[in-house]
Amino acid sequence: GAVVSQHPSRVICKSGTSVKIECRSLDFQATTMFWYRQFPKKSLMLMATSNEGSKATYEQGVEKDKFLINHASLTLSTLTVTSAHPEDSSFYICSASGWGMLRNNEQFFGPGTRLTVL
Amino acid sequence: AQTVTQSQPEMSVQEAETVTLSCTYDTSESDYYLFWYKQPPSRQMILVIRQEAYKQQNATENRFSVNFQKAAKSFSLKISDSQLGDAAMYFCAYRSPNTGNQFYFGTGTSLTVIP
């Protein structure tokens, strides 16, 4: 099956610093990647959609200058939380969808990244 | 945006029994896809079952089956012979062919399996 990895799995940082989270599709080319945020015992909230080589499309209410998304290749997307604050602490999940071996109507999820901002 | 509703925040089932999780959605589209995802304590999202709206036959995957009622916009998940490993959060998701593969998730149902 299709595998999506995320790195790091958990990160703790100081307030004001920036944190980068990587999302990789390991065995397929991801034409589209999605970034979600999930609060405890809550659903997944879509933050942004990124297509390879294009600027990300952000959902309403998500600050694009704070959550920088780059999808520079067909296997890698990154989410950078800039000037992180304690309220940015959350679980961040990426997912990917692609062509080729996959039907382009399914998303494959990474294992998530737990961000804690002190 | 499409709305997906899961009206049962929590459900419990005895081991080996059957449980049904409900999901309704609101859409004006005729062609779409529906999914059930499982999120165990590890937080990894796992696809349980999928249904294409153009297919009348309900999808089944081993102990998991759906009751897809297109006119009623209902998509319930039945878990038969429940096992301890089925304990997890279950999310219903809607995917439109018109929004670049974007998923709309329900609020989730927390399933407890009682030994």
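Report follows, based on the coordinates. (Residues numbered from 1 in each chain as written. Chains lettered and ligands numbered in written order. Predicted model: local features only at pLDDT ≥ 70, side-chain atom pairs only at ≥ 80, totals over all residues. Heavy atoms only, no water.)

**Thoughts on the interface of chain A and chain B**
It is common to report an interface's size as the accessible area lost on association of the parts. If you look at the interface, chain A gives 21 residues, while chain B gives 20 residues. Across the chain A to chain B interface the summed buried area is about 1700 Å²; carbon plus sulfur atoms make up 45%. Viewed at the interface, chain B and chain A are joined by 0 salt bridges. Listing elements by their share of the side of chain A that touches chain B, those giving two or more residues are β4 (30-38), β5 (44-51) and β9 (90-98) of chain A. In terms of residue count, the dominant contributor to the side of chain A that touches chain B is β4(A) (4 residues). Residue classes in the side of chain A that touches chain B are distributed as 8 nonpolar, 8 polar and 5 charged. (Contact = heavy atoms within 4.5 Å. Buried area = accessible area lost by both parts, 1.4 Å probe. Salt bridge = Lys/Arg side-chain N within 4 Å of Asp/Glu carboxyl O. Helix = DSSP H or I, 4+ residues; strand = E, 2+ residues; numbered from the N terminus. Nonpolar A, V, L, I, M, F, W, Y, C, P; charged D, E, K, R; others polar.)

**A closer look at the pattern of salt bridges**
It is possible for side chains bearing opposite charge to pair when their charged atoms get close. All names here are of chain B. Evaluated as defined, the whole model comprises 6 salt bridges over all chains. Residues E52 and R50 are paired through a salt bridge, measuring 4.0 Å at the closest nitrogen-oxygen approach. Judged on exposure class, the residue E52 and its partner R50 are both buried. Linking R63 and D86 is a salt bridge whose minimum nitrogen-to-oxygen distance equals 2.8 Å. In this pair, R63 is assigned in the loop between β7 (60-61) and β8 (64-69) and D86 in the loop between β9 (74-79) and β10 (88-95), connecting sequence segments 23 residues apart. Accessibility assignment for this pair places R63 and D86 in one class, buried. When salt bridges with common partners are traced through the structure, they connect R50, E52 and K55 into a single cluster. (Buried < 20%, exposed > 50% of the residue type's maximum accessible area, 1.4 Å probe, protein only.)

Purely geometric numbers; function is a separate question.
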